[in-house]
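# Notes for the structure review
Chain residues, written in single-letter form:
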Amino acid sequence: MDFKWPLSTVAPKGLLQRSAACGDTATSKPPSASMYVFKRLISPSCSSVKSEIDQGKLLRKFGRRGKGKGSFEMPCGVAVTKSGDIVVADTENHRIQIFSPDGAFKLKFGRKGPNPDQLNYPLGVAMTAEDHVAVTDSVNAAVKVFSREGELISCFTHAGLIEFPYGVAITLDNFFVFTDICKHAVIVLTPSGSVSHTFGSYGDERKNFDHPYFVAVNKSKQIIVSDAGNSAIKIFQFEGRLLRMFTLSDFKLPAEGYISLYGLCTDSDGNTLVVCNSTICIVTKNGRLWEVVTSKDGLTSPKGVAFSTAGRLVVTQSSFEDKHEVCVYRYNTEDYKSLNTLVYYAISI
């Protein structure tokens, strides 16, 4: 099988050692094709960056390539605390950075290494019920929990079970749900860190995965996975029974189009939002993708996405060229009330 570092990019050099341990080889993908999706009835036009910030969806962006405070090297996962602070997995700087809702740097923690309190290519972040930071430490094959001040609280390894953790989400009752892209599986840990259950294996069947990158959990405790290699969004009952699956035919994209499904989150109304190529989309009940934020709003290489109850979408952007930043967009759930709110029925397929 081929190891696919985030589909629209090439694997960072430091991760190839870990990939080799899975027996995989890094590959690159052709450029993303433009998508045919529903357009919003009203789309603000911006003639400059200033007018875009003043009138459009983009509120602010911050960060640039570098190793200093507030700079990034391939930022990936992102989460928002209860107070609205922005938590970013600064992957190739091997650290977590925390910013105020306005994008002001607050603190950073983590340094490269194999020890429990160190990080080695952190990829996903999520907030626990206690507002602690859960991190997938990919090369160290661990899920770690830190206080917001950077103090290590827990480190879960489970040798033989966890190989290359990627996306992570936390249920309302504090179960850890994360993907493993070498195992091609979803792993669920109890609040204390013991193994609850796992599901998935490599393949292209309905219940298989091919490099599942990101995961989200909705209020009904259903698990939503972006199955990147299979170009599918899959929704599971918490215990792992497949409920719904959406593929290219449901997305209503051109048959020849190439898509990259990546970051996931849910909003306060239960809608699922997904990174698809250079766009953030809502997934409607029938599986169609409705554009929320597009390249016209400044998206070029989005990776992770998080919803803030303040009415914001926070998006990480990273590319090997010039994008190493966080963008904050206006997002009003009332704008999407007319869409089919994403409600999943317990129908096994």
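Every value quoted in this text rests on a predicted model; they were computed, and no experiment measured them.

### Here we look at the overall build of the protein chain
Along its length, the protein chain carries three helices and 24 strands. Element-wise, carbon and sulfur atoms account for 49% of the exposed surface of the protein chain, whose accessible area totals about 14,100 Å².

### A look at the sheet that holds strand E20 (residues 279-283)
In space, the four strands of this open sheet follow the order E18-E19-E20-E21, with antiparallel pairing throughout. Whereas interior strands pair on both sides, the edge strands pair on one side only; in this sheet they are strand E18 (261-266) and strand E21 (289-293). The mean inter-strand angle of the sheet, taken between neighbouring strand axes irrespective of direction, is 35 degrees. Summarising the sheet, E18 and strand E19 (residues 272-276) pair through four bridges and their orientation is antiparallel.

### Overview of the environment of Gly 160
Relative to the helices and strands, Gly 160 is located in the loop between strand E9 (152-156) and strand E10 (165-170). For Gly 160, a relative accessible area of 65% puts it in the exposed group. Along the chain, Gly 160 and Ala 141 lie 19 residues apart, while their C-alpha atoms are 9.6 Å from each other.

### Details of the pairing of strand E22 (residues 302-308)
Burial runs high along E22: seven of the seven residues are buried. Summarising the sheet, E22 and strand E23 (residues 312-318) pair through five bridges and their orientation is antiparallel. Looking at the pairing, Pro 302 lines up with Gln 317 of E23. From the end of E22 to the start of E23, which pair antiparallel, there are three residues, and Gly 311 there has a positive phi angle of about 85 degrees.

### A closer look at the nonpolar core
Residues Tyr 166, Ile 280 and Leu 313 are the most contacted members of the largest nonpolar core, which totals 44 residues. Within the second largest apolar cluster, 14 residues are counted, among which are Phe 175, Val 177, Val 188 and Leu 242.

### Some thoughts on the pattern of salt bridges
Scanning all chains against the criterion turns up twelve salt bridges. Among the salt bridges present, the one from Arg 60 reaches Asp 102, with a minimum N-O distance of 3.7 Å. Pair noted here: Arg 60 is in strand E1 (residues 58-62) and Asp 102 is in the loop between strand E4 (95-99) and strand E5 (105-109), with a separation of 42 residues, a long-range link. The class for Asp 102 is exposed, based on a relative accessible area of 59%. Between Asp 85 and Lys 106 there is a salt bridge, with the nearest N and O atoms lying 2.8 Å from each other. Of this pair, Asp 85 sits in the loop between strand E2 (75-80) and strand E3 (86-90) while Lys 106 sits in strand E5, and the two are 21 residues apart along the sequence.

### Focus on the sheet that holds E10
Sheet architecture is open: four strands sit in the order E10-E11-E12-E13, paired in antiparallel fashion. Looking at strand neighbours, the two that pair on one side only are E10 and strand E13 (195-199), the edges of this open sheet. For this sheet, the mean inter-axis angle between neighbouring strands, taken without regard to orientation, is 20 degrees. In this sheet, strand E11 (residues 176-180) lies alongside E10 in antiparallel orientation, the contact comprising four bridges. Looking at the pairing, Val 168 lines up with Phe 178 of E11.

### Here we look at the pairing of E19
Two faces, one strand: in a regular strand the side chains alternate between the faces of the sheet. Within E19, five of the five residues are buried, which leaves it mostly tucked inside the rest of the structure. Residues Thr 272, Val 274 and Cys 276 of E19 are buried on one face, and the alternating residues Leu 273 and Val 275, pointing to the opposite face, are buried as well. In sequence, E18 turns back onto E19 through a hairpin of five residues, with Gly 270 there showing a positive phi of about 85 degrees. Where E19 lies against E20, five bridges are found, and the strand directions are antiparallel. In the strand pairing of E20, Cys 276 is matched with Thr 279.

### So, the environment of Leu 339
With respect to the secondary-structure elements, Leu 339 resides in the segment after strand E24 (324-330). C-alpha of Leu 339 to C-alpha of Thr 284: the two residues are 55 residues apart in sequence and 6.8 Å apart in space. Dropping the residues within four chain positions of it, Leu 339 is found in contact with Ile 282, Thr 284 and Trp 290.

### Let's talk about the side chain of Ser 226
Note that Ser 226 resides in strand E15 (residues 223-227). Overall, Ser 226 belongs to the buried group, its relative accessible area being 0%. One polar contact links the side chain of Ser 226 to the main-chain carbonyl oxygen of Tyr 262, over a distance of 2.9 Å. Beyond its immediate sequence surroundings of up to four residues, Ser 226 is in contact with His 211, Pro 212, Tyr 213, Phe 214, Ala 232, Leu 261, Tyr 262 and Leu 264.

### Focus on the packing of aromatic side chains
Aromatic ring pairs are defined here through the distance separating the ring centres and the angle between the ring planes. On inspection of all chains with the given rule, the structure shows 16 aromatic pairs. Ring plane angle 45 degrees and centroid distance 4.8 Å describe the contact between Phe 62 and Phe 99, whose orientation is recorded as tilted. One end of the pair, Phe 62, is in strand E1; the other, Phe 99, is in strand E4, and 37 residues separate them in sequence. Residue Phe 62 is classed as buried on the basis of its relative accessible area of 12%. The structure contains a cluster of three or more aromatic residues connected by ring pairs, namely Phe 62, Phe 72, Phe 99 and Phe 105. In this structure, Lys 221 is placed above the aromatic ring of Phe 238, and the distance from its NZ or CZ to the ring centre is 4.2 Å.

What counts and how
- Residues numbered from 1 in each chain as written.
- Predicted model: local features only at pLDDT ≥ 70, side-chain atom pairs only at ≥ 80, totals over all residues.
- Heavy atoms only, no water.
- Helix = DSSP H or I, 4+ residues; strand = E, 2+ residues; numbered from the N terminus.
- Areas by Shrake-Rupley, 256 points an atom, 1.4 Å probe, with all protein chains shown as cover.
- Pairing = 2+ DSSP bridges.
- Axes fitted to C-alpha atoms, helices over the stretch in contact; angles between N-to-C directions.
- Buried < 20%, exposed > 50% of the residue type's maximum accessible area, 1.4 Å probe, protein only.
- Core = buried A, V, L, I, M, F, W, Y, C linked by side-chain atoms within 4.5 Å.
- Salt bridge = Lys/Arg side-chain N within 4 Å of Asp/Glu carboxyl O.
- Contact = heavy atoms within 4.5 Å.
- Polar contact = N/O pair within 3.5 Å; in protein donor to acceptor, adjacent residues only side chain to side chain.
- Phe/Tyr/Trp six-rings, centres within 6.5 Å; stacked < 30°, edge-to-face > 60°.
- Lys NZ or Arg CZ within 6 Å of the ring centre and 35° of its normal.

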